[in-house]
Every structure is written in C-alpha cells, then in structure tokens.
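Tertiary structure, described
For reference, the chains in residue letters:
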Amino acid sequence: MKKLLALMLALAMLLGVTALAEDEAFQGIGVVTTQLGQAQGVVDPDYNVTIFKSIPYAAPPVGELRWAAPQDAEPWEGVQLFDTYKDAAVQPSYISMFKDEMFKNGWGGFYKNDTPTNSEDCLYLNIVTPATSSDESLPVLVWFHGGGYAHGWSYEPEFDAQALAEKGVVVVTVGTRLNIFGCLALPQFADENGASGNWMVMDIAKSIEWVYNNISAFGGDPERINVAGQSGGNGKTTAALVSPLSNPYIKGTVNQSTLAAFSTYKTLEEAYEDGYAVLDYLGLPHDVSAEELRAIPEETLRDAIDNSGFQPSIIIDGKAITESPRDFYLREGALNGRNMMAGLVFGESGAYTATTAEELYAQIREQFGDELCDKYGLESLVEITDGNVGYYNTAIKAWYGLESTRIYGEIMLSQNEDANFYTYSFGRIPQSTEWGWHSLELWYMFGSLRPGDYENDWTAHDYATADACTRYWANFCASGNPNGYGVAEWADGAEGAFMFLDTPAVCYTGTPLDPIFHEYFIQQNGLEAYFE
C-alpha cells in the first residue's frame, strides 16, 4: 500500500511539473504597438522567438514614388498579422540559374525553392525577437543581404535568424530597391529630389530610422543598433555608416567579405553617364521627363536590367552620400564610440595557380615585387614545398585578402576614442567542399544550418562552429566585444590580430608574410602617414 501511495505521489508530482512546463512554455511577445499600428507575429515552433514577416517601413516605391526618396508607410487599423513574406525586389532573370545542380553544394543553398515573386513593391523588413515584453532593451542586428546591389532578398533561407536571435538579439532583415530601380541616376530626378541615384541607400537609411523609432516595441534597444551585411550587403553596411541620413542611429557594424575602408564611390557625373546608357538602350532621349520615365512598364525595365549592361553602384550625390568610404573611415574621430567587426571567408580570395614551390615563389614575387621579397627574405618567411603548394596557393591569397581589414583595424583604433575593432577569417570548410567559398559563413553566423537535400552535409564540427559564431555575433551586438562565456578569447585589432573561426577557434597575431604584406599595402594605398 505504501509503495502504491508513493507511486501515485510521484505520478502526481510529474503531472504537476508537466503542467507547469506547459504553463511556462514560450508565449512570444504578443501584440506590439508600432508608430504605424499594432502588429502580431508568429511564435516559432522550434525556437523561443517570435517572427514578424514583411512589415512595411516605407510606402511602396511605385508610380510617382519610383526613383524618388522613400516616404512613410500608411498606418493601419486594428491588429495586423505579419505571418507571410511579401514580394522581393525586382530580380534579374539570371537568378533562376542559382537553383541548378551546379550550385547545390555551394550557392544552391540560397535558393532551395523557387525564387519568390518579385516586384517594385518591396520595402519591407522582417523581425525575429526573443523578447517577451517591450521593456527588455535587447541589442539589435539590422541585416542587409548581398547580391551586388542587383539581386537577393531579405528572407533567403541562410538568413533564418531564430538561433542567433535566441542568443539574446533582436534580428531585423531588410529588403530595398535594387539594380535599375535602386541605383539609376539621371538629372531629371535630382531636380525634384535634391539628389539622384542612391534610392537604395535612401531605403537603407529609411529602414534604419524605422528600426530606431520602433524597435523598442519588439524588445530592442534603439541605442544598440548594429548594422551588418555580406558581399553586396557589406557595401550597404558601409553606405549606412557613411551616409549622414543613417549614421547617427548606428552603434556598430559587421562587414562580411572584407572591409573596403579605402574604396571610393562614383561621382554624380559618372553615374549620369551610366543612366544615359540605359536611356540609349531604351531608345529614349536624354532629356525625357521624369513623368515619362515613371510610366515605363515594369517589364520593359526588367529587360533593361538583363540586357542594357547597367551596373548598379553607390554614388556621391551630395545628399544620401556626401563622401567616399576612404575619406570617412580615415577621418580622425569619425568612429568615436563605435564598434566594428569585419572579415572574410578563408578561400574566397582566390588562389595562385602554381604546381611547384618554385612556381609559387615566383608568382608571389611577381605580385609583391622582388625588392620587398628580398628585403624580408620571402623564402625564409614561409617554407613552401612541392607537397604543400596546393595549400599555400589558397592560404597566401587568403592571408593577403584580409590585409586591408587588419590594416584599417590598426588605424581605426589609433584615431578613435571609446571604439572597438575585431577581425576574423572564417575557416570552417564543410566536408562537401575543398575550400571555403564566398558567403559560406552566413549559415554559421545565423545558425541556420538545416538538414535537407539542398544543403551541405553538416557535421558536429559545423554545428559547433555555428554555435560559437552566433555567440560571437550576439556578444558583439550586445557590447561591441565578441568575447564572452563559452567562446575562445578574441584579441582586438590594435596590432593586427584576427580570429580564425573554426572548431576550435584560434586567435592569431599575424601571418608569416606580414612584413611583405604590410609594407606593400601601405605603399599601394598611400597610408604611410598613419604608420610613421
């Protein structure tokens, strides 16, 4: 009898614990109140986060708003459910090839399904929040996708942000106008907007302003907005920081696929020539009115995207962008109180083509010159053999690919107060590929590794690397410092250190060829004054 009573008591306790667990199950943040109206998202079934899909941050850029500065979105009545993604920006036709078998163990992971419907109505953002109330003041990561300003969208599968957000970050992914719709410059538009061409940059600024004004409703801290992006998104991140329209809202940036701190933008006059070339392709006179241009059917402009040769770019228009990255980044004090993290994938910088050690030494000398190679004793700095030449073909390119970021990290920390800078080389290589490739780190920093026939064959090492990366990115967003519990110590960039992200992660103070790299890069970019 006593045993039966004990069993019944244990069962009752178990049921009570189960009921308590059910009562305490993650309920999400519920209905939030934005400046436009009340919004409701969907609780993720596998992670303790709430997802809001395609919230408008600006009015649709159609009709009179095509090639115009973004305007406020219309408010709505009642509670709006944001559970479905809206159209992506207009895409070039070549995007369909990214689903082919040739991309399956690489870029195919971007586009496992058919590409989404796309149109000019594309100014939406998505929010993934782990908060359960609006007063949590969590750090914020605003993400801009890649695609060379020409293609891509904010909800590609590698951007699934649940795992990253669950580390304590409110993640926002943003869609903007692209290609001709986002970057076409003509004087006709400047007459009415005060600027022309940087429609995409204006969208970027508008979205960040929206986040600043509304993110507290989603449990985010508007004073800890970090902007990040990879490849073309890296360029958007730089533009966001350089632009006077969005710079005041940004606490930190993460530039992925290296940091082009010493780059320059096109002039307005150069951009106008690109715009005139589009008009020539369309058979239109250079003085065609803005009204006539806005009346061109979307399908006609899709053809121009595919066939006119237009290359979208960011320009100095005097409003959204007033200077080039080089001028901004090298100005003393421009980044006081800001935090930066930047790097690239080990392998995305290409490779030499040598088949013997002798050939590789010769190719290195051809690139950097005999004078520097003799000065520092190239052959004594790194021991290349016929047996390891394949590795060094890629490794040395990867080391030098990181040089501009490491050099800028030293400059940034020397001339800005209360600032942080961290450099990484992403070194994890999936077992299905020989080397890392452009964009590979995305699955790891978002923690979006998912099983499936379209993906790489992820291993325990991949999941461990992803866990470390999500922790580093979350820590950086929270404090400007990626270090924290459960991850290897990451030294800042004051003396060129960089973290090699793999399992295990290892922080290096330099590479064997640093003496040659440093002097060559400094000379080539006229940076001697910063290293006297």
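Residues numbered from 1 in each chain as written. Predicted model: local features only at pLDDT ≥ 70, side-chain atom pairs only at ≥ 80, totals over all residues. Heavy atoms only, no water.

Regarding helix α6 (residues 232-242)
The element α6 is largely enclosed, with a buried count of 11 among its 11 residues. Looking at α6, one finds that the buried residues are Gly232, Gly233, Asn234, Gly235, Lys236, Thr237, Thr238, Ala239, Ala240, Leu241 and Val242. Lining the buried residues of α6 we find β7 (138-144), α5 (199-214), β9 (220-230), β10 (252-256) and α10 (325-329). (Buried < 20%, exposed > 50% of the residue type's maximum accessible area, 1.4 Å probe, protein only. Helix = DSSP H or I, 4+ residues; strand = E, 2+ residues; numbered from the N terminus. Contact = heavy atoms within 4.5 Å.)

Digging into the pairing of strand β4 (residues 50-56)
The element β4 is extensively covered by neighbouring structure, given that six of its seven residues are classed as buried. Relative to β4, strand β3 (residues 42-43) is paired through two bridges, and the arrangement is antiparallel. Of the residues in β4, the one forming a bridge with Val42 is Ile51. Between the end of β3 and the start of β4, which pair antiparallel, lie six residues. Here β4 runs beside strand β6 (residues 124-129); their pairing, made up of five bridges, is antiparallel. Across the sheet, residue Ile55 finds its bridge partner in β6, namely Leu125. (Pairing = 2+ DSSP bridges.)

Section: the sheet that holds strand β5 (residues 79-81)
In spatial order, the strands read β1-β2-β5; together these three strands make up an open sheet with mixed pairing. Both outer strands of the open sheet, β1 (32-33) and β5, are each paired with one neighbouring strand and no more.

Quick word on the confidence of the model for the chain
Looking at the chain, the pLDDT average stands at 92 and 91% of residues meet or exceed 70. In the model, residues 1-23 has pLDDT below 50 throughout and makes zero contacts with residues more than four positions away in sequence or in other chains. (pLDDT = per-residue confidence, 0-100.)

What to know about the packing of aromatic side chains
One pass over the structure, following the stated rule, counts 35 aromatic pairs. Here the aromatic rings of Tyr329 and Tyr408 are separated by 5.3 Å at their centres, their planes lie at 70 degrees, and the arrangement is edge-to-face. Of the two residues, Tyr329 is situated in helix α10 and Tyr408 in helix α15 (residues 403-415); the sequence distance between them amounts to 79 residues. Between Phe346 and Trp435, the aromatic rings sit 6.1 Å apart at their centres with planes inclined by 45 degrees, giving tilted as the arrangement. (Phe/Tyr/Trp six-rings, centres within 6.5 Å; stacked < 30°, edge-to-face > 60°.)

Notes on the side chain of Thr258
Here Thr258 lies in the loop between β10 and β11 (266-267). Setting aside residues up to four positions removed in sequence, Thr258 forms contacts with Asn234, Gly343, Leu344, Gly401, Ser404 and Thr405.

Digging into unusual backbone geometry
In this structure, the amide linkage connecting Thr503 to the following residue, Pro504, adopts the cis form with an omega of 0 degrees. Structurally, Pro504 can be placed in the loop between β15 (498-501) and β16 (506-508). Here Ser54, not a glycine, exhibits a phi torsion of approximately 60 degrees, which is positive. Relative to the helices and strands, Ser54 is located in strand β4.

A few points about the packing of helix α14 (residues 389-401) against helix α18 (residues 514-524)
At a minimum axis separation of 10 Å, α14 and α18 run at an interaxial angle of 45 degrees. Accordingly, the angle class assigned to the pair α14 and α18 is oblique. Note on packing geometry: the crossing formed by α14 with α18 is right-handed. In contact with Ile396, Trp399 and Tyr400 of α14, α18 contributes Phe517, Tyr520 and Phe521. Taken together, the residues of the contact of α14 with α18 sort by class into six nonpolar, no polar and no charged. (Axes fitted to C-alpha atoms, helices over the stretch in contact; angles between N-to-C directions. Parallel < 35°, antiparallel > 145°, perpendicular 65-115°, else oblique. Left-handed = near helix turned anticlockwise from the far one by under 90°. Nonpolar A, V, L, I, M, F, W, Y, C, P; charged D, E, K, R; others polar.)

Thoughts on the pattern of salt bridges
Going through the model one piece at a time under the given rule, you end up with 19 salt bridges. A salt bridge links Asp274 to Lys266; the nearest nitrogen and oxygen atoms lie 2.4 Å apart. On the basis of relative accessible area, Asp274 is assigned to the partly exposed category, the value being 24%. In this structure, the salt-bridge partner of Arg406 is Asp514, at a minimum N-O distance of 2.8 Å. (Salt bridge = Lys/Arg side-chain N within 4 Å of Asp/Glu carboxyl O.)

A few points about helix α11 (residues 357-368)
Taking 1.5 Å of rise per residue, the 12 residues of α11 would be expected to cover 16 Å, and the 17 Å separating its terminal C-alpha atoms lies within 8% of that figure. Along α11, the residues classified as buried are Ala357, Leu360, Tyr361, Ile364, Arg365 and Phe368. Taken down its axis, α11 places every buried residue within 140 degrees of arc, on the same side. Of the residues in α11, the exposed ones pointing more than 90 degrees away from the buried face are Glu358 and Glu366. Buried residues along α11 sit against α12 (370-376), α13 (378-381), α14 and α18. (Expected span 1.5 Å × (residues − 1). Arc of directions from axis to C-beta.)

So, the state of the cysteines
Summed over the entire model, instances satisfying the criterion amount to zero disulfides. Of all cysteine sulfurs, the one in Cys183 lies closest to Cys122, which takes part in no disulfide; the gap is 12 Å. What makes Cys122 buried here is its relative accessible area of 5%. (Disulfide = S-S within 2.5 Å.)

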